[in-house]
Amino acid sequence: MEYRGDEALGLIETKGMVPAIEAADTMLKTADVELVSYENIGSTLVTVMVKGDVAAVKSAVEAGAKAAERIGELTAANVMARPIRPIGHIVMAHDIDKS
């Protein structure tokens, strides 16, 4: 999913893939957001990123963080309302549409 920095960006970081997948599923079911990318950072840390309008991303990240905490360890959650365009280049390094 392409991200150019013109929409809000929501990030959830968990310890382990299972809570990250649970968070992603919950975020996508909770609000009108799109999955941008994920990154397996190492040391079992996984970050999931979604985009959309600010209110939707805030709602999605809040629900996703709670879901991740229920079954695993949440290490961080953040909403960036309107990140600068170069942030898109960082996010796109792990675009889910790339093979």
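Q: Which parts of the structure should I look at to understand the packing of helix H1 (residues 17–30) against helix H2 (residues 54–71)?
A: Packed helix pairs are characterised by how far apart their axes lie and by the angle those axes make with each other. Where H1 contacts H2, the two axes come as close as 8 Å, and the packing angle between them is 145 degrees. Judged by the twist between their axes, the crossing of H1 over H2 is right-handed. Where H1 abuts H2, its residues Val18, Pro19, Glu22, Ala23, Thr26, Met27 and Thr30 lie against Ser59, Ala60, Val61, Ala63, Gly64, Ala67, Ala68 and Ile71.

Q: Help me understand H1 in this model?
A: In an α-helix, one turn spans 3.6 residues; hence positions three or four apart end up facing the same way. Between its terminal C-alpha atoms H1 stretches 20 Å, which fits the 20 Å expected from 14 residues at 1.5 Å a residue. All of the buried residues in H1 are Pro19, Ala20, Ala23, Ala24, Thr26 and Met27. One side of H1 holds all its buried residues, which, seen down the axis, span an arc of 170 degrees. Along H1, the residues that are exposed and aim more than 90 degrees away from the buried face are Val18, Ile21 and Lys29. Considering only its buried residues, H1 is in contact with strand S1 (8–15), strand S3 (45–52), H2 and strand S4 (73–80).

Q: Quick question: what am I supposed to make of the side chain of lysine 51 here?
A: Mapped onto the secondary structure, lysine 51 falls in strand S3. Here glutamate 7 takes part through its side chain, which lies 3.4 Å from a polar atom of the side chain of lysine 51.

Q: How should the environment of leucine 45 be read in this particular structure?
A: Tracing the backbone through its elements, the reader meets leucine 45 in strand S3. Residue class for leucine 45 comes out partly exposed when judged on its relative accessible area of 21%.

Q: Would you mind showing me how to read the sheet that holds S4 here?
A: Strand-to-strand pairing in sheets goes through backbone hydrogen bonds, with the strands running parallel or antiparallel. Strand order in the open sheet formed by four strands is S2-S3-S1-S4, and the pairing between neighbours is antiparallel. Looking along the sheet, the strands with just one partner apiece sit at the ends: strand S2 (34–42) and S4. Adjacent strand axes in the sheet meet at a mean angle of 15 degrees, parallel and antiparallel pairs treated alike. Relative to S4, S1 runs antiparallel, the two being bridged by seven bridges. Across the sheet, residue lysine 15 finds its bridge partner in S4, namely glutamate 73. H1 rests against S1, S2, S3 and S4 of the sheet, and its axis sits at about 10 degrees to S3.

Q: In this structure, what is going on with unusual backbone geometry? I would like to understand it.
A: Most peptide bonds are trans, and most residues other than glycine sit at a negative phi. The backbone phi angle of threonine 44 is positive, close to 70 degrees, even though this residue is not glycine. Relative to the helices and strands, threonine 44 resides in the loop between S2 and S3. Assessed through its relative accessible area of 45%, threonine 44 is described here as partly exposed.

Reading the values: rules and limits
Residues numbered from 1 in each chain as written. Predicted model: local features only at pLDDT ≥ 70, side-chain atom pairs only at ≥ 80, totals over all residues. Heavy atoms only, no water. Axes fitted to C-alpha atoms, helices over the stretch in contact; angles between N-to-C directions. Helix = DSSP H or I, 4+ residues; strand = E, 2+ residues; numbered from the N terminus. Left-handed = near helix turned anticlockwise from the far one by under 90°. Contact = heavy atoms within 4.5 Å. Expected span 1.5 Å × (residues − 1). Buried < 20%, exposed > 50% of the residue type's maximum accessible area, 1.4 Å probe, protein only. Arc of directions from axis to C-beta. Polar contact = N/O pair within 3.5 Å; in protein donor to acceptor, adjacent residues only side chain to side chain. Pairing = 2+ DSSP bridges.

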